[in-house]
Amino acid sequence: MDWKSEPELVVVPKPTPGPGQVVVKVGGAGACHSDLHLMHDFEPGMMPWTTPFTLGHENAGWVDSVGEGVDTVAEGDAVAVYGPWGCGRCERCRAGAENYCENPAAAPVISGGGGLGLDGGMAEYLLVPADRLLVKLPESLAPATAAALTDAGLTPYHAIRRSWPKMTPTSTVVVIGVGGLGHLGLQLVKATTSTRVIAVDNRREALDLATEMGADEVVVSDDTAVDAIRDLTGGRGADVLLDFVGAEATIELARAAARPLGDVTIVGIAGGSVPLSFFSQPYEVSIQTTYWGSRPELTELLELAARGLVHVESTTYSLDDAAQAYRDLAAGKVRGRAVVVP
Ligand code: NAD
Ligand code: ZN
Ligand code: ZN
């Protein structure tokens, strides 16, 4: 990919693993809406990355070959690739939260990973710079399924985990945007808490998917949505609102539909902004962002999926059709996640 352009399929050499590194034969690479933001919205120079690089930051596959000193995985092992690649040594990285590495200059790439500044998984092989970035897949999980969990699953899981204390049997969670992240997010709320879930989207097919995935209520994302959420919550508002869009309209919606003491978490990076003041939301509402998730959380999530508690709804594309996957995603035609299977 390159800035302000459409992705191209090109031939690149097969990587070989150096000391400590692993080459993964890709079994699935998810197409994330963030890639569309990267390709279309980001200005050159916004990210400290050299282009071109191969897209695909949501990957799983089988170990193809290992470099000197690698003994935690072996050829043929099915693995999920943890996507944010940090320095591996700072306090955050040691705790497994490489998404918040505090020494990015010592990481393989500044604030990125495979598919984000370095070559990613929309290819037959992916070079992973360290074996700690691989999580072995439970037997019942195929790489083509696990791929989407590494970002479309992990990102909502992290956001949800953070608000767990507010997800009680009497509370309500609103999931805004039932695409790749949202369809997994709403299932993860249902699987890990006993709270009620209202799904909000502006596509009918997305709301139908939400109902199939266990949403208790669905609401069309228009200027009646706030009243609809207040009606469904006896006037109180929702305790946790997860915004998987991040547009001005959805942030406004989330804030206006929040219950006092609630959480509004902005996960989507559509770039919306709203003015903030003491009175711009109900009392003691926390407005927060989150970025991706930690390695331990990925392990937990894979376990949940292996037990059948979360289902990845996906449409599969061949590597030759990867550009089509992105076109379909941009056109709102993807159900769940688009996954490229080389
Ligand atoms: P997606 O295209 O699969 O899903 C987006 C969904 O939002 C679609 O169902 C769409 O119909 C819906 N939507 C769009 N506008 C809406 C509106 N105004 N109201 C209600 N619903 C609306 O995208 P995705 O891959 O799930 O990514 C979602 C967002 O999250 C993107 O902005 C992406 O860049 C971002 N993201 C953030 C992180 C993070 O760590 N914070 C990680 C991954 C993705
Ligand atoms: Zn992503
Ligand atoms: Zn670090």
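Starting afresh in each chain, residues are numbered from 1 along the sequence in its written order. Ligands are numbered from 1 and chains lettered from A, in the order in which they are written. The model is predicted, so local features are restricted to residues of pLDDT at least 70 and side-chain atom pairs to those at 80 or more, both for listing and for counting; the totals for chains, interfaces and linings are taken over all residues. Neither water nor hydrogens contribute to the side-chain values; these are computed over all heavy atoms in the structure.

Per an unreviewed UniProt entry, the protein chain goes by alcohol dehydrogenase and derives from Mycolicibacterium duvalii. As its UniProt record puts it under Sequence similarities (unreviewed entry), the protein chain is described as follows: "Belongs to the zinc-containing alcohol dehydrogenase family." UniProt positions are given in the numbering used here, feature names are shortened, and annotations may be inferred rather than shown by experiment.

Caption draft 1: Structural context of the pattern of salt bridges. By convention in these notes, a salt bridge is any Lys or Arg side-chain nitrogen within 4 Å of a carboxyl oxygen on Asp or Glu. Using the criterion set out here, one finds 19 salt bridges in the structure. In this structure, lysine 4 and glutamate 43 form a salt bridge, with 3.3 Å as the shortest nitrogen-oxygen distance. A residue pair is termed long-range when its members are at least 10 positions apart, and lysine 4 in the segment before strand E1 (22–31) and glutamate 43 in the loop between helix H1 (33–41) and strand E2 (59–66) qualify at 39 residues. Given a relative accessible area of 43%, lysine 4 falls into the partly exposed group. A simple rule labels every residue: compare its accessible area, found with a 1.4 Å probe on the protein chains alone, to the largest value its type can have, and call it buried under 20%, exposed over 50%, or partly exposed in between. Taking relative accessible area as the criterion, glutamate 43 reaches 43% and is therefore assigned partly exposed. Across the pair glutamate 98 and arginine 132 runs a salt bridge whose closest N-O atoms are separated by 2.5 Å. Working definition: helices are DSSP H or I runs of at least four residues, strands are E runs of at least two. Numbering for both runs from the N terminus.

Caption draft 2: Just the coordination of the zinc ion (ligand 3), in detail. Coordination sphere of the zinc ion (ligand 3), protein contribution only: Cys87 (SG), Cys90 (SG), Cys93 (SG) and Cys101 (SG), at 2.3 to 2.4 Å. Here a donor is an N, O or S atom found within 2.8 Å of the metal, or within 3.2 Å if the metal is Na, K or Ca; sites may look incomplete because water is not among the atoms. Geometry assignment treats four donors as tetrahedral when all angles are between 85 and 135 degrees, treats four as square planar and six as octahedral when opposite donors are over 155 degrees apart and all others between 65 and 115, and treats everything else as irregular. Around the zinc ion (ligand 3) sit four donor atoms, and with donor-metal-donor angles ranging over 104 to 117 degrees the site reads as tetrahedral. In terms of primary sequence, the donors binding the zinc ion (ligand 3) are separated according to C-x2-C-x2-C-x7-C.

Caption draft 3: Molecular detail of the UniProt feature "domain: Enoyl reductase (ER)" (unreviewed entry) in the protein chain. UniProt feature "domain: Enoyl reductase (ER)" (unreviewed entry): in the numbering of this structure it lies at residues 4–340. Taken end to end, residues 4–340 is 28% helix and 22% strand, and its first and last C-alpha atoms sit 22 Å apart.

Caption draft 4: Fine view of the packing of aromatic side chains. Here a Phe, Tyr or Trp ring, Trp counted by its six-membered ring, pairs with any other such ring whose centre lies within 6.5 Å, and the pair is stacked when the planes are under 30 degrees apart, edge-to-face when over 60, and tilted otherwise. In total, this model carries five aromatic pairs according to the counting rule given. Each ring, one from tyrosine 157 and one from tryptophan 164, has its centre 6.1 Å from the other, and the planes form 80 degrees; the classification is edge-to-face. Tyrosine 157 gets classed as buried once you look at its relative accessible area, which sits at 4%. Its relative accessible area of 29% is what places tryptophan 164 among the partly exposed residues. Their ring planes at 55 degrees and their centres at 5.8 Å tell us that phenylalanine 278 and tyrosine 283 sit as a pair that is tilted. A relative accessible area of 60% means that phenylalanine 278 is categorised as exposed. Residue classification places tyrosine 283 among the exposed positions, given a relative accessible area of 55%.

Caption draft 5: Main features of the coordination of the zinc ion (ligand 2). Each protein donor to the zinc ion (ligand 2) is listed here as Cys32 (SG), His57 (NE2) and Asp151 (OD); together their distances run 1.8 to 2.3 Å. If you list the donors of the zinc ion (ligand 2) from N- to C-terminus, the spacing comes out as C-x24-H-x93-D. In this pair, cysteine 32 is assigned in the loop between E1 and H1 and histidine 57 in the loop between H1 and E2, connecting sequence segments 25 residues apart. Histidine 57 gets classed as buried once you look at its relative accessible area, which sits at 3%.

Caption draft 6: Focus on the sheet that holds strand E10 (residues 217–220). Reading across from one edge, E10-E9-E8-E11-E12-E13 is the order of the six strands in this open sheet, with parallel pairing throughout. Looking at strand neighbours, the two that pair on one side only are E10 and strand E13 (286–289), the edges of this open sheet. The mean inter-strand angle of the sheet, taken between neighbouring strand axes irrespective of direction, is 20 degrees. Pairing of strand E11 (residues 238–243) with strand E12 (residues 258–266) involves five bridges; the strand directions are parallel. Whether two strands pair comes down to DSSP finding at least two bridges between them. Fitted lines through C-alpha atoms serve as axes, helices being fitted only where they are in contact, and the angles separating the N-to-C directions of these axes extend from 0 to 180 degrees.

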